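Observations on the model geometry
One letter stands for each residue in the lines below.
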Amino acid sequence: GDVLVTVRALTKTYRSARRRVAALAGVDLDLSTGETLALVGESGSGKTTLAHTILGLVAPTSGEVRVAGDDPADRRGRVRREQRMQAVFQDPHGSLDPRMRVAAAVAEPLVNLGTGREERRARVAEVLDAVRLGSGIADRYPHELSGGQAQRVAIARALAADPELIVLDEPTASLDVSIQTHVISLLRDLQRERGLTYLFVSHDLVAVRELATRIAVMYLGRLVEVADRDAFFAQPLHPYSVALLSALPRVDVPAGRAERIVLAGDPPSALDVPPGCPFHPRCPVAQDICRTAVPPLSTDAAGRSTACHFPGSLPLPKDTP
Ligand code: SF4
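Going by what an unreviewed UniProt entry lists, the protein chain is known as ABC transporter ATP-binding protein and is assigned to Luedemannella helvata.

Structure representation (structure tokens):
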């Protein structure tokens, strides 16, 4: 598809107790119409900061973000941008106004756009139906909804203004596992029906495998691997990606019997980024050069992008699902 989002040389630095903390340390990324790009990484990897920068909620320190040619941080384009780009967050109850009935909450983006009352009513009914909630839900208040219902309402609201891009920020993290599966399959159906583009922020690789078409792995504010879904799950090239995948839960192997790659060292902190490859203190295959030279994100002949001096040198344990 056409390129919808471009991110160029993006950095975001916070000041903390006289230190400068880089949440994003130079990110380049494109998002094409119709794809689902998953941003994956531990907390502190920068994935949420990157998503919030694309949403215009965080202003970059340097570099550039464009969504359909627009700067998301530019206040002048706010209404048009709201039409084009919506978000669904982790905590559905927290993102719904407790005093607003469902119908009003879902219609809110349309009010901002100046859509007339009759059209709003029809649109609200259409999107509640699209997320498989009966019309009886329209008069309820958020506290009368289950977590799964509330998240469907949040998705309906995101759909109301017919956006091109929806940023899904850990949309299933607060839901029961059985509900998670339903929400993921709903999101997949909606994408197919409506030609949506998703940016899917998640630490849940099971959900990522279900929904994503492309994966971008982040570590300490940098992209360390970008790959199509099937290639990534079949053969991740960055040692950090391999470690993440080897930790996936197995259903067919007794607990404790599956091989795992256990990372040495402390979890990463943006307050203390190691020199050279930021992953080297935890990397099972690090060599001398890794301690001094930062590996750039580079793309091989097969189109796989990896920031590693020795991509592919850590094999996936053979019983990884
Ligand atoms: Fe490991 Fe070196 Fe690759 Fe970093 S550059 S991931 S330390 S092998």
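Things to note about the overall build of the protein chain
Across its full length, the protein chain carries nine helices and eleven strands. Computed over C-alpha atoms, the radius of gyration of the protein chain comes to 21 Å, within 12% of the 20 Å expected from 2.2 N^0.38 for 321 residues, which places it in the range of a compact globule. Projected onto its principal axes, the C-alpha positions of the protein chain cover 65 × 50 × 40 Å. For the protein chain, buried positions account for 42% of its 321 residues. Of the contacts made within the protein chain by residues no fewer than 6 positions apart, 66% connect residues no fewer than 24 positions apart.

Observations concerning the nonpolar core
It is characteristic of soluble globular proteins that their nonpolar side chains tend to be buried jointly. Within the largest apolar cluster, 89 residues are counted, with the highest numbers of intra-cluster contacts made by L39, V40, V106, A156, L199, F200 and A216. Top element by residues in this core is helix α5 (residues 147-160). It accounts for eight residues. If we ignore the near neighbours within four places in the chain, the residues touching A156 are V106, V127, L128, A130, V131 and L133.

Considering the packing of helix α3 (residues 102-113) against α5
The interhelical angle for the contact between α3 and α5, taken along N-to-C directions, is 30°, at an axis separation of 7 Å. Here α3 is positioned roughly parallel relative to α5, judged by the angle of their axes. The way α3 lies across α5 gives a crossing that is right-handed. Contacts between α3 and α5 involve V102, A105, V106, A107, E108, P109 and L110 on the former and, on the latter, V153, A156, R157 and A160. Here the contact of α3 with α5 is built from residues that sort into nine nonpolar, no polar and two charged.

Quick word on the site of the ligand
Around the ligand, a shell composed of 13 residues is seen, among which C277, C283, A286, C290 and C308 lie nearest. A breakdown of the residues in the shell around the ligand according to their chemical character gives ten nonpolar, three polar and no charged.

Observations concerning the environment of F233
By secondary structure assignment, the location of F233 is in helix α8 (residues 229-234). Residue classification places F233 among the buried residues on the basis of 20 C-beta atoms within 10 Å. Along the sequence, F233 and A216 sit 17 residues apart, while their C-alpha atoms lie 12 Å from each other. When near neighbours in sequence (up to four residues on either side) are disregarded, F233 contacts R209 and L245.

Each value, and the rule that gives it
- Residues numbered from 1 in each chain as written.
- Predicted model: local features only at pLDDT ≥ 70, side-chain atom pairs only at ≥ 80, totals over all residues.
- Helix = DSSP H or I, 4+ residues; strand = E, 2+ residues; numbered from the N terminus.
- Rg over C-alpha atoms; globule rule 2.2 N^0.38 Å.
- Buried ≥ 20, exposed ≤ 12 C-beta atoms within 10 Å, placed from the backbone.
- Contact = placed C-beta atoms within 7 Å.
- Core = buried A, V, L, I, M, F, W, Y, C linked by C-beta atoms within 7 Å.
- Axes fitted to C-alpha atoms, helices over the stretch in contact; angles between N-to-C directions.
- Parallel < 35°, antiparallel > 145°, perpendicular 65-115°, else oblique.
- Left-handed = near helix turned anticlockwise from the far one by under 90°.
- Nonpolar A, V, L, I, M, F, W, Y, C, P; charged D, E, K, R; others polar.
- Near = placed C-beta within 6 Å.

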